[in-house]
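Survey of secondary and tertiary structure
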Amino acid sequence: MGAKTLLLKGITALVGVTAILFVAASPKHDVHVEKESWSFQGFFGKFDQAQLHRGFQVYKDVCSACHSMNLLSYRNLQEIGFSEAQVKEIAASVTTMDGPNDEGEMFERPGKPSDRFHAPFPNEQAARAGNNGALPPDLSLIARSRAGKGFGAYEGADYIHGVLTGYKEPPADFKLTEGMNYNEGFAGHQIAMPAPLSEGAVTYEDGTQATVDQMARDVSVFLTWAGEPNYESRIRTGLKAMLFLIAFTLIAYAAKRKIWASIH
Amino acid sequence: MSANFKNPVIRWIDHRLPVFSYLHHEANEYPTPKNLSYWWNFGSLAGFMLVVMMASGIFLAMQYTPHVDMAFNSVERIMRDVNYGWLMRYIHMNGASMFFVVVYIHMFRGLYFGSYKAPRELLWQIGVVILLLMMATAFMGYVLPWGQMSFWGATVITNLFSALPVVGKHIVTLLWGGFSVDNPTLNRFFSLHYLLPFVLLGVVVLHVIALHRFGSNNPIGIDTKGPQDTIPFHPYYTVKDMFGLGVFMIFYAYWIFYAPVTLGDPDNFIPANPLSTPQHIVPEWYFLPFYAILRSIPDKLLGVLAMFASILVLLVLPWLDRSPVRSGRYRPAFKWFFWMLAFDCAILTICGKNPPDWIWSPLSLSIAPDEGQAGISIIAMGQLATTYYFGYFLVILPLLSIFEKALPVPLSISRPVLGGGGSHAAIASAPAKNLAKTMEKL
Amino acid sequence: MADHAQSPGDQSTRRDFLFLTAASVTAFGAASAVWPFVSSMNPSKDVLALSSIEVDVGQVAEGQAITVKWRGKPVFIRHRTAAEIEQAKKDDAVEMRDPQPDEKRAIKPEFLVLVGVCTHLGCVPLGQKDSEPKGEFGGWYCPCHGSQYDTSGRIRKGPAPLNLEVPTYQYASDTVVKIG
């Protein structure tokens, strides 16, 4: 079967060359994103619940002062192990605008678990006005939209961690625009957001040391979860599906062998 | 057409409406060449993908809102709140890629084994129509989540039509239903994205009817000469297709569960913003070769025409390749050009993916912005690859038909011994010219 | 066909076993693939999150009624007068289509909480406002086919088969009712 082998060789060569070119072709960014290892990675990955709680605390105490998180509701926090009572308490700690009531007036009330995360600004214009014209992006999907492209790319968490720990003194020859901050993890190295984290910016309830790196890691993991709350059920379901499909394929192969045994 | 069904209900219905006889005839006892290789699995896989896409799409449409203010969030609601919504969406978005993987392999199989040649020209052409419908459907579907890439992809692709002289601008306004891609555009894309798969399904039925007229081609590329060359479709090919389906689904499931967004673009997780264009606008991978052809021609109109021509040329392929030998197995020169075409398409994909002014340097095997390094620019590479693509169909195949000396072709499938013991009946049914040529070489 | 190559006995039993396994595995796979799609049509998490509401009934004056929206349907909350309660209790003895004593239809007798959907074919009965017809029994009157409900929301006349439904509710505080 010379033709068959040639065909196979051709395919192999094609796949090989394409793979090489593809790997080589992943576009270079002008920032280098350090790949960290995260507990959620891999076929059996899992979020560390304590870390998610710490990450939420960083978001609540630091990020939420400027950043909205419109796709998340307080009820979602139950999915990362907060009790119903805790969620009610967290929700009730913010005052939210509701209405109109029967008199046609808007009124304020404490938050409910079904409410979306409270946004710091009522609209985009207010957000820009409050931040020197720069719009703090919504954080719901930040981990997904900032992930690298293609095969073997860095995670969104790598990027967020890189930016949050990337604040440095600018090199002497660097021209920093007025009102901007130097950041090694950000494209162009100039970012409007001033360094949000400082040593001990939050006090962790579980006693973890709140270093900048620790807080950056925790909030990166929290934002990864927030970008895809069904992440864990996805890879769990995947494992079951894969095992089933492998069994199915083996049985189908055996059946095929049996049926074709008489044909030559 | 008179199958004997045991079940009296089926017999009663079949007597009045012979659907069961028809199915039995076309799917059960349908005689199929017995030497089909695994390359022949991809037709049924494509049919499977069409069903998966339609089923998952219908359920997604139950949850989706086609309005510029709500589309993005309604998709995220599917991902977060709808029971198994994430699964349905990942099945659908990766399904588009899988559909193209399967169909492209199916096409290359046809190209290698000459499945487009007489008497299957129309079968091939219907296939090209299917490809065009798939592309239109995929493009409009990609717009629906209303992320940045959705919006800017729609803007760039609809703007292609503005290249047409005189009517171009009016056509674009008509497509948009306004003066930019906006709510009316989203609404009509949703409507058409729902409609086209059903049209596609109809064309697939035609594709199968045309296939069953002369039956499948086969790796040897000669006609079947009687019952000794064929086996019934069921159970032989049904079970083989099941096995192929299993292998394929493992591949598909890997994407769904472990790399669901790897084939997509992270920018599409940012809601559409008509005031800011993302840095690199790239189409989905399955459009990259065509995108590269578009960009490799500096003139706007000619670029657009070249892009469309790259698909339309397939329609006339049966008349460009006049070689009487179907299968590439027996065409020593053709083989090489064929694999170069496959490689060429890979190159075009890479060219479509990268910024045109970047440089590929063969020494470091990397693609990077132009900093004076030795190498070839993406645009030049794309131009070379485009030249080969059209050269293959318009020059190489016609010339090969004249100058190539084919290897001897077996006389029948069941007797792969070259020229040994072919009966007179077999000789009569083969294309006379082809056979004469073969005999000559023997 | 394949049958000719088959030898009887052991061989064919093993073969049948294999095909039976293949068929059941395929059926199992198809069923588990269909389930997520069917399940997706059930209420989603955001819908379920809104499935209970809290209403302050302290504002409703005696003899008045309010309508609130719960799970996409109207809920009638009526602050009954002493006379209405008395009438309802007295009618407990009367023969009815769907007999139920008044005390089982309200946690606190002065506040009657009912799903405002006629049990006949799903219309919304009239009788919430003073200007609307309340029917012969002083409760509600359904304009679609003339069903009439009494001051306890029980069906007394007309085609409806059952009393107006009492939703699951509890008092979160003295005057706040949590429905659902």
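For clarity, every value in this text was computed on a predicted model and none was experimentally measured.

The helix and strand inventory of chain A stands at eight helices and four strands. Residue burial in chain A is summarised as follows: out of 264 residues, 40% are buried. Taking as baseline every contact in chain A between residues at least 6 positions apart, the subset at least 24 positions apart corresponds to 60%. Just so you have it, chain A exposes about 14100 Å², and 56% of that area is on carbon and sulfur atoms.

Here we take up unusual backbone geometry. Note the cis peptide between Gly 99 of chain A and Pro 100 of chain A, where omega equals 0°. If you trace the backbone, Pro 100 of chain A turns up in the loop between strand E1 (95-98) and strand E2 (107-110). Residues Ala 118 of chain B and Pro 119 of chain B are joined by a peptide bond in cis, for which omega reads 5°. For His 189 of chain A, which is not glycine, the phi torsion reads 65° and is therefore positive. Considering the arrangement of structural elements, one finds His 189 of chain A in the loop between strand E3 (181-182) and strand E4 (190-191).

This part covers the sheet that holds strand E3 (residues 73-79) of chain C. Sheet strands pair by backbone hydrogen bonding; their relative direction is either parallel or antiparallel. Residues and elements named next belong to chain C. A sheet is described by the order of its strands in space; here three strands give the open sequence E2-E3-E4, paired in antiparallel fashion. The open sheet has two edge strands, strand E2 (65-70) and strand E4 (111-115), and neither has a second partner. Between one strand and the next, the sheet's axes are offset by a mean angle of 20°, whatever the strand orientation. The sheet contact formed by E2 and E3 spans six bridges and is antiparallel. Looking across to E3, one finds that Trp 70 is bridged to Lys 73.

With 58 residues of chain B in contact, the opposing surface of chain A contributes 56 residues. Summing the contributions of chain B and of chain A, the shared interface buries around 5200 Å²; its carbon and sulfur component is 73%. On the chain B side of the contact with chain A, Arg 80, Tyr 258 and Trp 339 of chain B bury the most area, a combined 15% of that side's loss. One salt bridge in this structure joins Arg 75 of chain A and Asp 81 of chain B, with 3.2 Å as the shortest N-O distance. Our enumeration of links across chain B and chain A arrives at 12 residue pairs in polar contact (both at pLDDT 80 or more). Secondary structure elements with two or more residues in the side of chain B that touches chain A: helix H4 (71-80), helix H5 (85-112), helix H10 (233-258), helix H14 (332-353) and strand E4 (366-368) of chain B. If one sorts the elements of the side of chain B that touches chain A by residue count, H10 of chain B sits on top with 17 residues.

Looking now at the domain arrangement of chain A. Residues and elements named next belong to chain A. Entries for chain A in the domain assignment read domain 1 (29-72 + 116-229) and domain 2 (231-264). Summarising the inter-unit geometry, the C-alpha centres of domain 1 and domain 2 are found 42 Å apart. Listed as interface residues are 11 residues of domain 1 and, on the opposing side, six residues of domain 2. Summed over both partners, the interface of domain 1 with domain 2 comes to about 730 Å²; 47% of that surface belongs to carbon and sulfur atoms. Among the residues of domain 1 in contact with domain 2, Phe 43, Phe 47 and Glu 228 are the three that bury the most area, contributing 49% of the side total. If you look at where domain 1 meets domain 2, you find one salt bridge. Where domain 1 packs against domain 2, one counts six residue pairs in polar contact (both at pLDDT 80 or more).

Turning our eyes to something else, we now look at helix H3 (residues 82-90) of chain C. Residues and elements named next belong to chain C. The complete set of buried residues in H3 reads Glu 84, Ile 85 and Ala 88. The arc that holds every buried residue of H3, seen down its axis, measures 100°, which confines them to one face. Those residues of H3 that are exposed and angled more than 90 degrees off the buried face are Ala 82, Ala 83, Glu 86 and Lys 90. Tucked into the core, H3 has its buried residues touching E3 and strand E5 (138-141).

All names here are of chain A. By secondary structure assignment, the location of Phe 222 is in helix H7 (residues 212-227). Of the residues examined, Phe 222 reaches a relative accessible area of 0% and is grouped as buried. For Phe 222 and Ile 80, which are 142 residues apart along the polypeptide, the C-alpha to C-alpha distance reads 9.6 Å.

Moving on, we come to the packing of aromatic side chains. Counted according to the given criterion, the structure contains 58 aromatic pairs over all chains. Taking the centre distance of 5.1 Å and the plane angle of 80° together, the rings of Phe 338 of chain B and Trp 339 of chain B count as edge-to-face. Judged by relative accessible area, Phe 338 of chain B falls into the buried class, the value being 3%. Site record: aromatic cluster; members linked through ring pairs are Phe 56, Tyr 59, Tyr 74, Phe 82, Phe 117, Phe 222 and Trp 225 of chain A. Above the face of the Trp 38 of chain A ring, Arg 217 of chain A is positioned so that its terminal group lies 6.0 Å from the ring centre. Positioned above the aromatic ring of Trp 260 of chain A is the side chain of Lys 256 of chain A, whose terminal nitrogen or guanidinium carbon lies 5.1 Å from the ring centre.

Let us look at the confidence of the model for chain B. Residues and elements named next belong to chain B. Per-residue pLDDT for chain B averages 91, and the proportion of residues at 70 or more is 93%. Scored below 50 in pLDDT, residues 435-442 shows nine contacts in the model against residues more than four places distant or in partner chains. Confidence metrics for the complex model read pTM 0.89 and ipTM 0.91.

Procedures and definitions
- Residues numbered from 1 in each chain as written.
- Chains lettered and ligands numbered in written order.
- Predicted model: local features only at pLDDT ≥ 70, side-chain atom pairs only at ≥ 80, totals over all residues.
- Heavy atoms only, no water.
- Helix = DSSP H or I, 4+ residues; strand = E, 2+ residues; numbered from the N terminus.
- Buried < 20%, exposed > 50% of the residue type's maximum accessible area, 1.4 Å probe, protein only.
- Contact = heavy atoms within 4.5 Å.
- Areas by Shrake-Rupley, 256 points an atom, 1.4 Å probe, with all protein chains shown as cover.
- Pairing = 2+ DSSP bridges.
- Axes fitted to C-alpha atoms, helices over the stretch in contact; angles between N-to-C directions.
- Buried area = accessible area lost by both parts, 1.4 Å probe.
- Salt bridge = Lys/Arg side-chain N within 4 Å of Asp/Glu carboxyl O.
- Polar contact = N/O pair within 3.5 Å; in protein donor to acceptor, adjacent residues only side chain to side chain.
- Domains from an automatic or database assignment.
- Arc of directions from axis to C-beta.
- Phe/Tyr/Trp six-rings, centres within 6.5 Å; stacked < 30°, edge-to-face > 60°.
- Lys NZ or Arg CZ within 6 Å of the ring centre and 35° of its normal.
- pLDDT = per-residue confidence, 0-100.

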